[in-house]
Structure formats: C-alpha cells, structure tokens
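Geometric and topological summary
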Amino acid sequence: MLVETFDAMTREVTEKLTEAGHAGLTVSNELAMEAIEEGAGNAASLARHLGVSRQAAAKTISTLEGLGYVERAADTDDARRKSLQITAHGREAIAIGSAAFEQIRVRWEAAVGAHRAAETEDALRALRDDVAGNLTAPGEMK
C-alpha cells in the first residue's frame, strides 16, 4: 500500500513536470536538485544526502547536466574543484515539483484531516529513521 501511494504521488508530480515543459525529469532528479540547492555541491555530498552510492550520484549529476538543470562552476574555495550549481531551468523545475508535492499534501489533509496527516508523516518519519539506523551502507541492511 505504501509503495502504491508513493508511485501514485511520484507519477502525479512527474506529470506536472512534463506538462510544464520538463519532460524526462524524474522525481528522483528533482529531489537531487533540491539537495544540490541545499548545499550538496559534489557527487560525494550528493550521495550522502540522498543515501546512494557515489556512482549513482555521479550518474544523476550527468543526467541533470545533460538536461540543462545543473552546471559545474569553479569552486569559490578551490579553483581546482568544480561545484554544482542549479540553473534557472533547474530552479523552475524545483518550484514546480515542490508545488506539486504541496498540492498532494493539501489534498491528503482534506481527505483525512490535518492532524491525521501529520500523525501519518510522523509515523513514516520514525519508520524511515529506524530503517536508516539499520543500514550499514546505502541500500544494505545490518
């Protein structure tokens, strides 16, 4: 049931992104861009933020670069390094994706009540944290 709900939610967000001219962008890509916007400036930090391997993060970065959502710029602290920057096109996609998730959340609150929706989020967060506490590496259980 949880996977079905997640799939329906991500399908809706992906449809909104496609309708707005962001075909080919997935929810995972959009979440990666949010992480980059929040400071994950290279593949290693993006991998840590998303809980994926460095190789998976690098592949996501390449995809986002190819789609014009991310660019590499000279690092302000070390000119030898490149840091990730979200392009204007990427910021537009983040705004659309975030708005779509918020519309879903508002709809859920209307369906089950704000208190029950908040309790569900709290329960899911606790379950996520419990699972995350049992991981030794991204995707690997203790």
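Attention in this report is confined to the structure presented alongside it. (Residues numbered from 1 in each chain as written. Predicted model: local features only at pLDDT ≥ 70, side-chain atom pairs only at ≥ 80, totals over all residues. Heavy atoms only, no water.)

1. Brief notes about the overall build of the protein
Selection rule: Helix and strand assignments follow DSSP, with helices taken as H or I runs no shorter than four residues and strands as E runs no shorter than two, numbered in order from the N terminus. Remark: exposure states derive from per-residue accessible area (1.4 Å probe, protein chains only) relative to the maximum for the residue type, with buried under 20%, exposed over 50%, and partly exposed in between. In this analysis, two residues are considered to be in contact whenever any of their non-hydrogen atoms come within 4.5 Å of each other. In these tables, accessible area is a Shrake-Rupley quantity obtained with a 1.4 Å probe, and a residue counts as shielded only by the protein chains included in the view.
Helix and strand counts for the protein stand at six helices and four strands. Along the protein, helices (α) and strands (β) appear in the sequence α-α-α-α-β-β-α-α-β-β when read from the amino end. By principal-axis analysis of the C-alpha atoms, the protein measures approximately 50 × 40 × 25 Å. Among the 142 residues that make up the protein, the fraction classed as buried is 27%. Taking as baseline every contact in the protein between residues at least 6 positions apart, the subset at least 24 positions apart corresponds to 47%. Total accessible area computed for the protein in this model is approximately 9,100 Å², and 54% of it derives from carbon and sulfur atoms.

2. Section: the packing of helix α2 (residues 27–37) against helix α3 (residues 43–50)
What counts here: As a rule, the C-alpha atoms of each element are fitted with a line to give its axis, helices using only the stretch in contact, and angles between N-to-C directions run from 0 to 180 degrees. Should the near helix be turned anticlockwise from the far one by less than a right angle, the crossing is left-handed, and should it be turned clockwise, the crossing is right-handed. The residue classification treats Ala, Val, Leu, Ile, Met, Phe, Trp, Tyr, Cys and Pro as nonpolar and Asp, Glu, Lys and Arg as charged. All others, Gly included, are polar.
One can describe the packing of α2 onto α3 by two numbers: an axis separation of 10 Å at closest approach and a directional angle of 115 degrees. Between α2 and α3 lies a crossing whose hand is right-handed. Note on element contacts: α3 touches α2 through Leu46, His49 and Leu50, opposite Leu31, Ala32, Ala35 and Ile36. The residue makeup of the contact of α2 with α3, split by class, is six nonpolar, one polar and no charged.

3. Remarks on a nonpolar patch on the surface
The test is simple: Patches were defined on residues exceeding 30% relative accessible area and lacking a salt bridge, with like-charge contacts within 9 Å and nonpolar side-chain contacts (Val, Leu, Ile, Met, Phe, Trp, Tyr) within 5 Å. One side-chain nitrogen of Lys or Arg within 4 Å of one carboxyl oxygen of Asp or Glu is enough to make a salt bridge.
A cluster of nonpolar side chains, Leu2, Leu124 and Leu127, forms an exposed patch at the surface whose accessible area comes to about 300 Å². Residue class for leucine 124 comes out partly exposed when judged on its relative accessible area of 37%.

4. A short note on the pattern of salt bridges
All chains considered together, the criterion is met by six salt bridges. As a salt-bridge pair, arginine 125 and aspartate 122 come within 3.1 Å of each other at their nearest N and O atoms. Here aspartate 122 and arginine 125 lie together in helix α6 (residues 114–133), a separation of three residues that amounts to about one turn. Of the residues examined, arginine 125 reaches a relative accessible area of 37% and is grouped as partly exposed. Judged by its relative accessible area of 47%, aspartate 122 is partly exposed. Measuring nitrogen to oxygen at the nearest pair gives 2.9 Å for the salt bridge that ties arginine 128 to aspartate 129. By sharing partners, the salt bridges in this structure join Arg105, Glu109 and Glu121 into a single network.

5. Some thoughts on the side chain of serine 45
Secondary-structure assignment places serine 45 in helix α3. Contacts of serine 45, omitting those with residues within four sequence positions, involve Gly39 and Ala40.

6. Structural notes on helix α5 (residues 88–112)
Since there are 3.6 residues in each turn of an α-helix, residues three or four apart along the chain are aligned in direction. As a reminder, the rule being used: To estimate the expected span of a helix, subtract one from its residue number and multiply by 1.5 Å.
Between its first and last C-alpha atoms α5 spans 36 Å; for 25 residues at 1.5 Å apiece the expected length is 36 Å, and the two agree. For α5, the complete set of buried residues consists of Gly90, Ala93, Ile94, Gly97, Ala100 and Ile104. At its buried positions, α5 is contacted by α1 (2–19), α2 and β2 (82–86).

7. Here's the deal with the side chain of histidine 22
Stated formally: We define a polar contact as two N or O atoms separated by no more than 3.5 Å, with the added condition that, inside protein, one atom must be a possible hydrogen donor and the other a possible acceptor, whereas residues neighbouring each other in sequence contribute only through side-chain atom pairs.
Residue placement: histidine 22 occurs in the loop between α1 and α2. By relative accessible area, histidine 22 is classed as buried at 0%. Here the side chain of histidine 22 touches tyrosine 69 through a polar contact of 2.8 Å, side chain to side chain. For histidine 22, the contacting residues outside a window of four places in its chain are Leu17, Tyr69, His89, Glu92, Ala93 and Ile96.

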